[in-house]
Amino acid sequence: MHSRKPFYIFVFLLFFVGIGASIYRGIEHNVPFLPGEQVQSWAIDAKVSFNGRNQPAEVQFSLPNDPAFDILVENTTSPGYGLTITEEQNRKAIWSIREASGPQSLFYRVTLVPTGKLEIKSEQEPTDTEVYLWPATEKAAAEQIVEEVWLRSATNLSFAKQLLDLIHDKNQSQNMSLLLSTNTSTKLFLQMLHTKGVPARNVSGLVLEDQRRRQTLTTYVQVYQDGLWHLFDVVNNKQGRDGNLVLWEYAGGSVLEVMGGRSSQVSFSMLQDTRSALATSIDMMMTDDALDFSLYQLPLEEQSLFKGILLIPIGVMVVVFLRVIVGIKTSGTFMPVLIAMAFIQTTLLTGLIGFLLIVAFGLMIRSYLSTLNLLLISRISAVIIVVIFIIGLFTLISFKLGLSEGLTVTFFPMIILAWTIERMSILWEEEGPKKVFISGGGSLFVATIAYLAMSSELVQHWVFNFLGIHLVILGLVLVMGQYTGYRLTELKRFKPLVGEK
Amino acid sequence: MKYAWPWELSRAGVLNMNKRNIGYIGKYNPRKHYKRVDDKLITKQLALANGIAVPDLIGVVQEQHDIELIPAMVIDRSGFVIKPAKGSGGKGILVITRVDNGRYYKANGDEVTPNEIYRHVSNTLSGLFSLGGRPDVAIVEGLIVFDPVFNGVSYEGVPDIRLIVFKGFPVMGMLRCSTAASDGKANLHQGAVGIGLDIATGKSLHAVQFDVPVDKHPDTHFPLSDIQVPHWETLLHTASRAYEMCEMGYLGTDMVLDKNRGPLLLELNARPGLTIQIANGKGILPRLKHVESLKGATMSVDQRVEYAKKHFCDQPKF
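This report concerns the structure included in the present document. (Residues numbered from 1 in each chain as written. Chains lettered and ligands numbered in written order. Predicted model: local features only at pLDDT ≥ 70, side-chain atom pairs only at ≥ 80, totals over all residues. Heavy atoms only, no water.)

1. A closer look at the pattern of salt bridges
Residues and elements named next belong to chain A.
Step number 1: Applying the stated criterion across every chain yields a total of 22 salt bridges over all chains.
Step number 2: Taking the shortest distance from any N to any O, the salt bridge between E143 and K139 comes out at 3.3 Å. Placement of the pair is E143 and K139 together in helix α2 (residues 136-151), with a separation of four residues, close to one helical turn.
Step number 3: On the basis of relative accessibility, which here comes to 33%, the residue E143 falls in the partly exposed class.
Step number 4: Looking at K139, the relative accessible area reads 39%, which means it is partly exposed.
Step number 5: Its salt-bridge partner being R379, residue E422 comes within 2.8 Å of it at the nearest N-O pair. Residue E422 is located in helix α12 (residues 414-431), and its partner R379 is located in helix α11 (residues 376-400); the two are separated by 43 residues in the primary sequence. (Salt bridge = Lys/Arg side-chain N within 4 Å of Asp/Glu carboxyl O. Helix = DSSP H or I, 4+ residues; strand = E, 2+ residues; numbered from the N terminus. Buried < 20%, exposed > 50% of the residue type's maximum accessible area, 1.4 Å probe, protein only.)

As structure tokens, this is what we get:
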């Protein structure tokens, strides 16, 4: 016998690739591992307004590019304006028009989804920052403070922290009071950092709060240390950022630049929204073009078809397990899977009752047909036609009685039912009703287990959204095909061989 | 306790279904030779070519319109058997034990109308009893006049002798006797009694019905403890020769004893069931492993039979 090694390597690869692909799906594309998961999203409207001066106008407006938020949808409303969006590190929308007169309003709307990645990384160390030159009146005071703090600090970060503490110290020194009387605290903080050449920059952030209107951007300071930009809120004496702050612009530039207009300003309004995590990640994939080879591309009708088809591997796996490991006998290898598929349409109880009724009536008709001495093919065909009559009759009766569940009986695969009836009828003639109940019962039992597995919301979610899982199922089926141990039912069957001791 | 632990079974050398399928059938039975055992017509022709005795072949029905020829075929017979060439598990075998003025009777005395025979053969040709529903042919065979030595051992049917032949060595045997429950058929899952036989002597060792040990036939109350199967040597040799004939490593041979002609090969089975272990009260695995471990030159039929008699003999368990 040839080596089993390649087989096990193959199975291992199936498991590895299958699980790996699923985890990748979950983490990279944010496909939720559990069905029904919800995420928060934010719809933000930015309104840029200015007064035109009857001349060409160009408006440059920074767009958010914050790793803490993914952009789900963005669009602009700006009648008459030409629009370009530059996709550099500092994303900008550039509106332009030949002539703008009177009050102008431009709108930018974006839906953001939090990613939880709050850190701002910088691959390379920022190049030397310009050293700030103090005006003569402030020079002595500022330099004294900076020198003192510098000596007490070890890193950029601790330097910044101590400066911040000092700015907010209740018992301020005269030097500090002097400086604060002419500068805002944020500006002063940045200037002091720059005095010592510490990489730091101004950033504009928007605090997210549900149902807020006419909000403006707030200025924060970022200080560079060991590959990360640390955020300082100087006004509120806070360090670090939380999840409800969008950094609208953090490349050190300005948020809004208007040429050919005056009294320009930008204001924001926002709305919090809860939406399905799955739908969100699919939309996200749509915008990212990560969708090139995916079932989500299919039209909805084919998608829902595939949702059904992709459940079959689960049913098949259940059948393999119950037959190979447990040892339950079924009539027909995969008949239970097909019945389980029908159960999904009809729900379990209706399906069971419908199945039993149809098979029972079918057996009665079939016992009459058997006296006619027909050829097998025409007899089965007759059974198929009769099954259709029976299904029609049941549907009609249940409709008249107002039982809408009965209408779903039509989902049963008729050819399968006809074959089942034929086999059961032969079994009845050859081996008696007991065998019919055993094998029919076995099939229905397996079908029920398969149905329970296939109708689980979690399973349905996984088989459609994590296609890698099918490789894992394939691996499991292959491994079960190698199982040479005892089936559970054999433990009972062969008990007499070890019993009397 | 109703269940055995897997390791207990494993220690007792019990072969299970999965291991049988993968380790023996899959490994030792080449796919291309399956038709030699699955098609009873081919088996019969091979057996005749190899000088192995088989039941008389009365005729073969291949087409629906040939069904009408059956009454003419059996006109001077006292009884006959219709079986599908590709049937499995004893399905579709119709045994007519008495033909009386064109009327047919089964062993239990029930009359079978010509109509029922037509329908049965028609179903057979359509493939109702064959694996996978493939079209089939029906074989009409002479009825076996069973050896009176088994009177009382079997009820309404011919007892048959099943031997498991592994790589040409008869490793385990049993006598299958029909009961009222099995409707004249010798299939254990239908309720026939299985009696384990000693490979060395052909004496009964142990008996079960529906997997439960019995010591008397349930219908005839015949004691099953001291049955000696006659023509035992011939049976072992025939079984052993079947290996060369069909080239299947793991094989079940089914034989019957005819009053006049002695042992007849009824059919071969490439997927013999595992109940033979229960009938023998013993796992078959140690014997299979023993044969697998044999090295050296290929043995002749006589040598294999001698070897098997020496190594696979047993003690009665009654």
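Text resumes after the structure shown.
2. Here we look at unusual backbone geometry
Step number 1: A positive phi angle, close to 60 degrees, is found at Q211 of chain A, a residue other than glycine.
Step number 2: Mapped onto the secondary structure, Q211 of chain A falls in the loop between β6 (200-207) and β7 (212-215).
Step number 3: For Q211 of chain A, a relative accessible area of 58% gives the class exposed.
Step number 4: A positive phi angle, close to 60 degrees, is found at E247 of chain B, a residue other than glycine.
Step number 5: With respect to the helices and strands, E247 of chain B occurs in the loop between α7 (232-246) and β13 (250-258).
Step number 6: The exposure class assigned to E247 of chain B is partly exposed, which follows from its relative accessible area of 39%.

3. Notes on the environment of V387 of chain A
All names here are of chain A.
Step number 1: Mapping V387 onto the fold places it in helix α11.
Step number 2: In this structure, the C-alpha to C-alpha distance between V387 and F232, residues 155 residues apart in sequence, is 76 Å.
Step number 3: Those residues in contact with V387 that sit more than four places away from it in its chain are I358, M414, L417, A418 and I421. (Contact = heavy atoms within 4.5 Å.)

4. Considerations on the sheet that holds strand β9 (residues 169-177) of chain B
All names here are of chain B.
Step number 1: Spatial strand order, β12-β11-β10-β9-β8-β13-β14: seven strands in an open sheet with antiparallel pairing. With one partner strand each, in any of the chains shown, β12 (212-213) and β14 (262-269) form the two edges of the open sheet.
Step number 2: In the sheet, β9 pairs with strand β10 (residues 193-197) via five bridges, with the strands oriented antiparallel. By the bridge assignment for β10, C177 is matched with V193.
Step number 3: Across the sheet, helix α9 (residues 285-293) lies against β8 (160-166), β9 and β13, angled at about 150 degrees from β9, the strand it touches most. (Pairing = 2+ DSSP bridges. Axes fitted to C-alpha atoms, helices over the stretch in contact; angles between N-to-C directions.)

5. Comments concerning helix α6 (residues 114-126) of chain B
Residues and elements named next belong to chain B.
Step number 1: Its 13 residues give α6 an end-to-end C-alpha distance of 18 Å, which sits within 8% of 18 Å, the value for a rise of 1.5 Å per residue.
Step number 2: The set of residues buried in α6 consists of I117, R119, H120, V121, S122, N123, T124, L125 and S126.
Step number 3: G127 sits one or two positions beyond α6 and adopts a positive phi of about 95 degrees. (Expected span 1.5 Å × (residues − 1).)

6. As for the packing of helix α4 (residues 174-182) of chain A against helix α5 (residues 185-195) of chain A
The relative placement of two packed helices is expressed as an angle between their axes plus a distance between the axes.
Residues and elements named next belong to chain A.
Step number 1: It is at 8 Å that the axes of α4 and α5 come closest, and there the two elements cross at 120 degrees. Pair α4 / α5 crosses with right-handed handedness. For the pair formed by α4 and α5, the contact residues are M176, L179 and L180 on the first element and S185, L188 and M192 on the second.
Step number 2: Tallied by class, residues from the contact of α4 with α5 come to five nonpolar, one polar and no charged. (Left-handed = near helix turned anticlockwise from the far one by under 90°. Nonpolar A, V, L, I, M, F, W, Y, C, P; charged D, E, K, R; others polar.)

7. Things to note about the packing of aromatic side chains
Step number 1: Enumeration according to the criterion identifies 24 aromatic pairs over all chains in this entry.
Step number 2: Between Y24 of chain B and Y250 of chain B, the ring centres sit 5.8 Å apart and the planes meet at 40 degrees, which makes this aromatic pair tilted. Highlighted residues: Y24 of chain B in helix α2 (residues 17-28) and Y250 of chain B in strand β13, separated in sequence by 226 residues.
Step number 3: Overall, Y24 of chain B belongs to the buried group, its relative accessible area being 3%.
Step number 4: One Lys or Arg, K307 of chain A, reaches over the ring of F464 of chain A and ends 4.9 Å from the middle of that ring.
Step number 5: The ring of Y105 of chain B has R98 of chain B lying over it, and the distance from NZ or CZ to the ring centre is 4.3 Å. (Phe/Tyr/Trp six-rings, centres within 6.5 Å; stacked < 30°, edge-to-face > 60°. Lys NZ or Arg CZ within 6 Å of the ring centre and 35° of its normal.)

8. Considering the sheet that holds strand β4 (residues 98-100) of chain B
All names here are of chain B.
Step number 1: Sheet architecture is open: three strands sit in the order β4-β5-β6, paired in antiparallel fashion. Strand pairing shows two members of the sheet lacking a second neighbour, β4 and β6 (111-112), which therefore form its edges.
Step number 2: By the bridge criterion, two bridges tie strand β5 (residues 103-105) to β6 in an arrangement that is antiparallel. Note on β6: the bridge partner recorded for Y105 is E111.

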